[in-house]
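Results of the structural survey
Now for the letters of each chain:
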Amino acid sequence: MSFPWARQYEPQNGFMKWMDEKLPLPRFVYNAVGAGYPVPRNLNYMWNFGVLAGFFLMLQIVTGIILAMHYAANAEVAFGTTEHIMRDVNWGWLMRYAHANGASFFFIVIYLHIFRGFYFSSYKAPREMIWLLGVVIFLLMMATAFMGYVLPWGQMSFWGAKVITGLFGAIPLVGEPLQVWLLGGFAPDNAALNRFFSLHYLLPFVIVAVVILHIWALHIPGSSNPTGVEVKQESDTVPFHPYYTAKDGFGLGVVLIAYFAMVFFLPNYLGHPDNYIEANPLSTPAHIVPEWYFWPFYAILRAFTADFFFIPAKLMGVLAMFAAILVWFFLPWLDKSPVRSGHYRPTFKKFFWFGLIPAMAVLFWCGGAPAEEPYVMLSQIATAYYFLHFLVILPIVSSVEKTKPLPNSITEAVLGSDN
Amino acid sequence: MIRLISILVGLGFTAAVLWAFGNGAYTAVTEGMGERTAEKAFHLHPHAPEGGYSFEGPFGKWDKQQLQRGYQVYKEVCAACHSLKFVAIRDLEQLGYSEAEVKAEAASFQVPGIDPNTGEATTRPGLPTDNFPSPYPNKIAAAAANNNAIPPDLSLMAKARHNGTHYIYSLLTGYADPAVYKNEAGETLAEAFPATMPGTGLHFNPYFANLNLAMAPPLNSDGQVTYAEGNPEPTVHQMAEDVSAFLTWTAEPTMVKRKQTGWPVLGFLLFASILAFLAYKNIWAGVKPKKAG
Ligand code: HEM
């Protein structure tokens, strides 16, 4: 589906004509990311991050497959095989650092992509399905990254796995048997390491499948844009190629500079030194922390330090941590505003910049800090705001807010007149 | 309806977390925020030796002379207790030793082997393809010889601690007498935290995470190792600096190659991004008018 004025694919020569009749793959590509896909002309740089996420997904798959050729998922040797990759495999150190920092950059890019969605309420009709699939992707990414971090079998791998799988133990009645079943034992060991490797290899391909659905769903209404006004006429759009391929190419260059600066000059900056110590079930690290991209949710988990009526603190923390992501599924129906873009929603915009963003910053910061004061109290305030923001403030503000007048069309927003 | 449920759920989570906050705040007010522990009062952050190291910074290079000295310190002092199990002896060639020298070095270590006639476990002289062995046959022997603490493998030590290179240097030079050593507040450990005074076989060191470790100061007198002519004086500080440099190399022998590869990659990407930017501006030239108004 596309707009009526979308350019039509015309095979350029005999071979392409032949191809078009037998397998219209070039036509498909032309309509998906070529000149046959009209896109709003006013997208800003926040709209680069979807393509960048796709790039990092591919990079993770390529570097991951190469690493898997030299890695062995056996608790006796896993740590040694990662060191073998770092020392003896040709360019192995580059593959490993590229994969580890690639995961971090994938999350940086995805967080920006998601927060673009929050600000411009990209989740609103008719794009609910794109959003729902996006949240599924995010959950899959978290599972994949968590299991990947276990594979080198360092101290943080082991203890991270133990803490996170231990969360299932908080579920009443079935918790402990469930935890043992998930791990294949009472603590992470060979059985757990093997299944984590198996799933860590599988899930990225599941993500690829969901990304295809995500982009398919995107192509039905087409991209939104910074005004949130829907496309009405041909002058509102430009063909994806060459306009956005060029812009995305430039964006990719800038992000790759930052990424390779990390890979080559600060490859361990985002990691934890304890993961260069081989896993030792008998020695607990002083501070067990997950990778930085889990910190906000880890902070929420640890914010619930007191039993709440009949609900034990640990269970409350686990519920809140999952709920913190699951609430995103409901946003399309919680946000009642007829206007999408935060630019035209003055009250919403204030809550976004002075509420949600600082709360997220505090959660990021406290999630990586030891579970001591003042971090615990700070994350409690930020957690309270987080839930209030999505579940209370957003539904109320979006129903009562007086929004600013919208431009008649994208063309008017860009050119000043509607033609 | 959905929004009503949402508001109730939201208020529920908020109430639960504020309840926890209230409990925490009450404790903080009645009992004060966080205890003052010996670790907090005495622990020091690692620092670099004067002049730093040649391999630091984005253009850093190994100082092979220094790495050779560091290797000598490792071999003559640390190897009595610590292995380097991820480092192959042949890699010493990267430090500037010749093939024959590496063979001789390898042969000076005893590694586990099997008697070809009886099949019994024995030891044999090392080969360049072997890794640096552990001086102990197993963990129990290692613990028994060291007051129950196992000397950790040092291959990755420089990456396994925050600021590892500086940490090793600071640890080796930072031993102090807890009876007289004063922290910033001017207290001695004996006055402030008598319970934390090192027990038998433990040694006070403010750089170590919990202040008392089982390793006696391994570098304790100037000239403990004799350096070849043309090298600096082997003071304790010099030896500590050299062995920290060597252990940085064992932790990541590819570090300098990594940085050297980085520059052309970044240069190429910068060039490509400038071209991409010009292409982008060029393609959009007809479409993007100057902002109206
Ligand atoms: C593997 C991860 C992902 C990939 C490869 C990906 C890819 C893309 C691409 C290429 C676009 C179109 C370009 C753009 O608008 O930036 C897009 C749009 C979108 N994505 Fe994602 N995405 C991913 C994850 C997510 C996640 C985790 C969410 C939200 C939870 C999400 C929500 C959206 C939404 C709402 C849009 C439409 C935005 C609009 O048209 O204004 N995506 N995605």
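The model shown is predicted, which means the values in this text are computed figures rather than measured ones.

1. Some words on the coordination of the iron atom of the ligand
Perfect tetrahedral coordination of a metal by four donors corresponds to 109.5 degrees between them, and perfect octahedral coordination by six donors corresponds to 90 or 180 degrees. All names here are of chain A. Coordination of the iron atom of the ligand by the protein is provided by His113 (NE2) and His214 (NE2), with metal-donor distances spanning 2.0 to 2.2 Å. Here the iron atom of the ligand is ringed by six donor atoms whose angles at the metal span 79 to 179°, and the overall shape comes out octahedral. In this pair, histidine 113 sits in helix 5 (residues 92-119) while histidine 214 sits in helix 9 (residues 190-219), placing the two residues 101 residues apart along the sequence. Exposure class is identical for histidine 113 and histidine 214. Each is buried.

2. Topic: the interface of chain A and chain B
Contacts between the two partners involve 67 residues from chain A, matched on the other side by 58 residues from chain B. Surface buried jointly by chain A and chain B totals about 5200 Å² across both partners, of which 75% is contributed by carbon and sulfur atoms. If you list the elements that add at least two residues to the side of chain A that touches chain B, you get helix 4 (78-87), helix 5, helix 10 (240-265), helix 12 (313-326), helix 13 (331-334), helix 15 (375-400) and helix 16 (410-415) of chain A. With 16 residues, helix 10 of chain A is the largest single contributor of residues to the side of chain A that touches chain B. Classifying every residue of the side of chain A that touches chain B gives 47 nonpolar, nine polar and 11 charged.

3. Let's talk about the packing of helix 8 (residues 175-183) of chain A against helix 9 of chain A
Residues and elements named next belong to chain A. Orientation of helix 8 relative to helix 9, taken along the N-to-C sense of each, is 70°, at an axis distance of 8 Å. Comparing the axis directions of helix 8 and helix 9 gives the class roughly perpendicular. Residue-level inspection shows Trp181, Leu182 and Leu183 of helix 8 in contact with helix 9, the latter providing Ala191, Ala192, Arg195 and Phe196. Of the residues contributing to the contact of helix 8 with helix 9, the split by class is six nonpolar, no polar and one charged.

4. Quick notes on the site of the ligand
All names here are of chain A. With respect to spatial proximity, 24 residues lie near the ligand, and among them His113, Arg116, Gly134, His214 and Ser224 are the closest. One of the side-chain nitrogen or oxygen atoms of tryptophan 47 is found 3.1 Å away from an oxygen atom of the ligand. At 3.0 Å, a side-chain N or O of arginine 116 approaches an oxygen atom of the ligand. When residues of the shell around the ligand are traced back to their parent elements, those giving at least two are helix 3 (49-68), helix 5, helix 6 (128-150) and helix 9. By residue number, the principal contributor to the shell around the ligand is helix 6, which donates six residues.

5. Looking at the confidence of the model for chain B
With 98% of its residues at a pLDDT of 70 or more, chain B shows a mean pLDDT of 93. At the level of chain-chain contacts, confidence expressed as ipTM amounts to 0.94, with global pTM at 0.94.

6. Looking at the pairing of strand 2 (residues 110-114) of chain B
Two faces, one strand: in a regular strand the side chains alternate between the faces of the sheet. All names here are of chain B. As paired elements, strand 2 and strand 3 (residues 121-125) share five bridges and run antiparallel to each other. The residue bridging valine 111 from the neighbouring strand is arginine 124, located in strand 3. Between the antiparallel neighbours strand 2 and strand 3 lie six residues, among them glycine 119 with a positive phi of about 80°.

7. Description of the pattern of salt bridges
All names here are of chain A. Inspection of the entire model under this criterion finds 15 salt bridges over all chains. Two residues, aspartate 20 and arginine 27, come together in a salt bridge whose shortest N-O distance is 2.8 Å. Residue classification places arginine 27 among the partly exposed positions, given a relative accessible area of 27%. Of the charged contacts in the structure, one is a salt bridge between glutamate 230 and arginine 340, with a shortest N-O distance of 3.0 Å. Taken together, the residues glutamate 230 in the loop between helix 9 and strand 2 (237-239) and arginine 340 in the loop between helix 13 and helix 14 (346-367) connect sequence positions 110 residues apart. A network of salt bridges, in which partner residues are shared, links Lys124, Asp335 and Arg345.

8. Considerations on the domain arrangement of chain A
Residues and elements named next belong to chain A. Domains assigned within chain A are domain 1 (43-288) and domain 2 (290-404). On a C-alpha basis, the centres of domain 1 and domain 2 stand 22 Å from each other. Taken together, the 42 residues of domain 1 in the interface contact 42 residues of domain 2. Carbon and sulfur atoms make up 72% of the surface buried where domain 1 meets domain 2, a total of about 3600 Å² over both sides. Linking domain 1 to domain 2 there are two salt bridges. Remark: the boundary between domain 1 and domain 2 carries 16 residue pairs in polar contact (both at pLDDT 80 or more). Elements with a minimum of two residues in the side of domain 1 that touches domain 2: helix 5, helix 6 and helix 7 (155-166). Here the side of domain 1 that touches domain 2 takes 11 residues from helix 6, the largest share from any one element.

9. Quick word on the side chain of aspartate 242 of chain B
Residue and element names in this part refer to chain B. Mapped onto the elements, aspartate 242 comes out in helix 8 (residues 236-251). A polar contact of 3.2 Å, which involves the side chain of aspartate 242, links it to the side chain of glutamine 66. Dropping the residues within four chain positions of it, aspartate 242 is found in contact with Gln66, Arg69, Gly70 and Tyr227.

Thresholds applied
Residues numbered from 1 in each chain as written. Chains lettered and ligands numbered in written order. Predicted model: local features only at pLDDT ≥ 70, side-chain atom pairs only at ≥ 80, totals over all residues. Heavy atoms only, no water. Donors = N, O, S within 2.8 Å, 3.2 Å for Na, K, Ca; no water. Tetrahedral: all angles 85-135°; square planar, octahedral: opposite > 155°, others 65-115°. Helix = DSSP H or I, 4+ residues; strand = E, 2+ residues; numbered from the N terminus. Buried < 20%, exposed > 50% of the residue type's maximum accessible area, 1.4 Å probe, protein only. Contact = heavy atoms within 4.5 Å. Buried area = accessible area lost by both parts, 1.4 Å probe. Nonpolar A, V, L, I, M, F, W, Y, C, P; charged D, E, K, R; others polar. Axes fitted to C-alpha atoms, helices over the stretch in contact; angles between N-to-C directions. Parallel < 35°, antiparallel > 145°, perpendicular 65-115°, else oblique. Near = heavy atom within 4 Å. Polar contact = N/O pair within 3.5 Å; in protein donor to acceptor, adjacent residues only side chain to side chain. pLDDT = per-residue confidence, 0-100. Pairing = 2+ DSSP bridges. Salt bridge = Lys/Arg side-chain N within 4 Å of Asp/Glu carboxyl O. Domains from an automatic or database assignment.

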